[in-house]
Amino acid sequence: MTKVAPGSLLDIEHLEATEIAALLKLARRMNPLQPKLRLRGKRVLLLFYEASTRTRSSFEIAAQSMGAMTTLVLSSGSSVEKGESLLDTGYTLEAVGADALVVRHPAAGAPLLLARHLKIPVINAGDGMHEHPSQALLDAYTILGHKKTLSGRKVVILGDIYHSRVARSAIHLLSKFACRVTLCGPPELLPESAAGLAPGLEIVRSAEDAMRGADVILVLRLQKERLLGMKIGLEDYTARYQMTMPRLRLAKRDALLLHPGPINRGLEITAEVADCPQSAIVEEVRNGVRVRMAILARALRTA
Ligand code: ASP
């Protein structure tokens with residue numbers, strides 16, 4: 001990968017397993033309720049060109065709880081609306097004194113572009129259909145809160161894999177830790193070529209078959225905003241791929257249920273599954289704060 005500012009977190013694909021393990025270890029040392037003021041005097045700029053609730057608020061809380069000052073810049077209401085380019089916005093934020101930039105953007109590669117040109121670390125908070133590294137880290141953290149190791153676990157990723165940056169980051173991370181990853185969804189949302197993302201990926205079209213023996217199920221939101229004219233019959237989709245209790249019962253008895261949010265109850269997941277004891281959806285959000293504290297501490301070299 002071309003040179004980027006040290007401490008940047010752009011994707012999981014190019015992160016060594018040892019670096020991932022170190023980040024997860026650092027996250028375990030983070031205490032969001034009694035944090036050390038590791039980022040006192042630092043300024044963290046959050047630049048969001050897409051909607052976000054969990055990622056944005058948890059990065060902000062993570063930064064502030066460690067003593068950093070944060071400023072949120074949204075594309076709407078900023079000079080982006082006046083036609084300013086991404087790079088010019090980046091240079092501006094660096095010039096006002098940002099020590100780190102957290103970026104969400106609809107275009108894949110936007111954080112990489114910034115990281116190549118700026119001197120401050122850039123953290124990818126989700127770029128188009130590419131990657132969402134902090135989500136994969138918090139998912140791994142959540143799984144490890146319930147299972148001793150990742151190695152050998154059967155993880156099913158269910159639903160709209162094609163449009164999902166969460167799926168891409170998860171696939172890279174889980175494959176680096178020798179999980180058995182099964183992808184499940186209809187051909188429109190899961191092309192055969194997805195099997196090339198990492199070695200050993202299995203594609204299973206039947207949700208029932210996929211669930212058998214699963215240790216972890218990661219359900220994805222149907223990304224309606226990215227379907228762009230693609231014709232997906234919602235009734236057929238829910239009939240075949242909705243995460244329901246009968247399907248969950250086919251997995252291991254202690255299978256863990258994950259979903260990055262926002263959840264669409266009644267579409268990709270039933271309310272019953274979302275709220276069942278095996279669901280770690282709220283826990284994922286909670287873990288997101290300490291994982292993002294670790295990411296920021298690494299970025300600003302204060303760990
Ligand atoms: N919140 C996640 C993301 O930004 C998942 C989703 O929106 O479906 O990618």
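Residues numbered from 1 in each chain as written. Predicted model: local features only at pLDDT ≥ 70, side-chain atom pairs only at ≥ 80, totals over all residues. Heavy atoms only, no water.

Draft legend 1. Structural view of the site of the ligand. Close to the ligand lie Arg104, His132, Arg165, Val166, Arg221, Gln223, Pro260, Gly261 and Pro262, which account for all nearby residues. At 3.2 Å from an oxygen atom of the ligand is found a side-chain nitrogen or oxygen belonging to Arg104. In this structure, Arg221 approaches the ligand through a side-chain N or O atom, which is 2.7 Å from an oxygen atom. Against a free-state accessible area of 260 Å², the protein chains account for coverage of 91% of the ligand. Judged by the proximity of its atoms to the pocket grid, the ligand belongs to the largest pocket. Here the shell around the ligand is composed, by residue class, of 3 nonpolar, 3 polar and 3 charged. (Near = heavy atom within 4 Å. Polar contact = N/O pair within 3.5 Å; in protein donor to acceptor, adjacent residues only side chain to side chain. Areas by Shrake-Rupley, 256 points an atom, 1.4 Å probe, with all protein chains shown as cover. 1 Å grid on protein atoms, 1.4 Å probe; cavity = no way out; pocket = protein on both sides within 12 Å on 5 of 7 lines; lining within 4 Å. Sits in = over half its atoms within 2 Å of the grid points. Nonpolar A, V, L, I, M, F, W, Y, C, P; charged D, E, K, R; others polar.)

Draft legend 2. Expanded view of the pairing of strand E2 (residues 69-74). Strand direction decides the pairing type here: strand E1 (residues 43-48) and E2, joined by 6 bridges, are parallel. The residue bridging Arg43 from the neighbouring strand is Met69, located in E2. In terms of handedness, the path from E1 via helix H2 (residues 54-65) over to E2 forms a crossover that is right-handed. (Pairing = 2+ DSSP bridges. Helix = DSSP H or I, 4+ residues; strand = E, 2+ residues; numbered from the N terminus. Right-handed = clockwise from strand over helix to strand, strands pointing away.)

Draft legend 3. Highlighting the layout of surface pockets. Of the pockets and cavities examined, the largest pocket occupies roughly 420 Å³. If you trace the largest pocket, you find 27 residues lining it, with Arg104, Arg165, Arg221, Gly261 and Pro262 closest to the centre. Considering every element that reaches the lining of the largest pocket, the biggest residue donor is helix H11 (residues 281-299), with 4 residues. A class-by-class count of the residues in the lining of the largest pocket yields 7 nonpolar, 11 polar and 9 charged. (Points joined across faces, edges and corners; volume = space filled by probe spheres on them.)

Draft legend 4. Summary view of the nonpolar core. Among the nonpolar cores identified, the biggest contains 61 residues, and Val102, Leu137, Ile157, Leu173, Leu183 and Leu296 are the most heavily contacted of them. Ranked by residue count, the leading element in this core is H11, at 8 residues. Setting aside chain neighbours within four positions, we find Leu183 in contact with Ile157, Ile161, Ile171, Leu190, Ala194, Leu201, Glu202, Ile203 and Val204. Formed by 28 residues, the second largest nonpolar core is a distinct cluster that contains Leu158, Val204, Ile232 and Tyr241. (Core = buried A, V, L, I, M, F, W, Y, C linked by side-chain atoms within 4.5 Å. Buried < 20%, exposed > 50% of the residue type's maximum accessible area, 1.4 Å probe, protein only. Contact = heavy atoms within 4.5 Å.)

Draft legend 5. A look at the sheet that holds E1. Ordered by their spatial adjacency, 4 strands build an open sheet running E2-E1-E3-E4, and the pairing between neighbours is parallel. Each having just a single partner strand, E2 and strand E4 (122-127) make up the two edges of the open sheet. Each strand axis lies, on average, 15° off the axis of its neighbour in the sheet, ignoring direction. The strands that helix H3 (residues 86-95) touches are E1, E2 and strand E3 (100-105); relative to E1, the one it contacts most, it runs at about 160°. (Axes fitted to C-alpha atoms, helices over the stretch in contact; angles between N-to-C directions.)

Draft legend 6. Looking closely at empty space enclosed by the protein. Under the definition given, this model contains 1 cavity of 30 Å³ or more. Of the voids in this model, the largest cavity is the one considered here, and its volume is about 60 Å³. Along the walls of the largest cavity sit Ala136, Asp139, Ala140, Ile143, Val155, Ala170, Leu173, Leu174, Val216, Leu218 and Leu258, which together make up its complete lining. Mapped onto the lining of the largest cavity, the elements with two or more residues apiece are helix H5 (133-144), helix H6 (165-176) and strand E8 (216-219). No other element matches H5, which puts 4 residues into the lining of the largest cavity. Of the residues assigned to the lining of the largest cavity, the class counts are 10 nonpolar, no polar and 1 charged.

Draft legend 7. Highlighting the environment of Thr71. By secondary structure assignment, the location of Thr71 is in strand E2. Sequence-distant contacts of Thr71, that is, excluding residues within four places in its chain, are made with Val44, Leu45 and Leu46.

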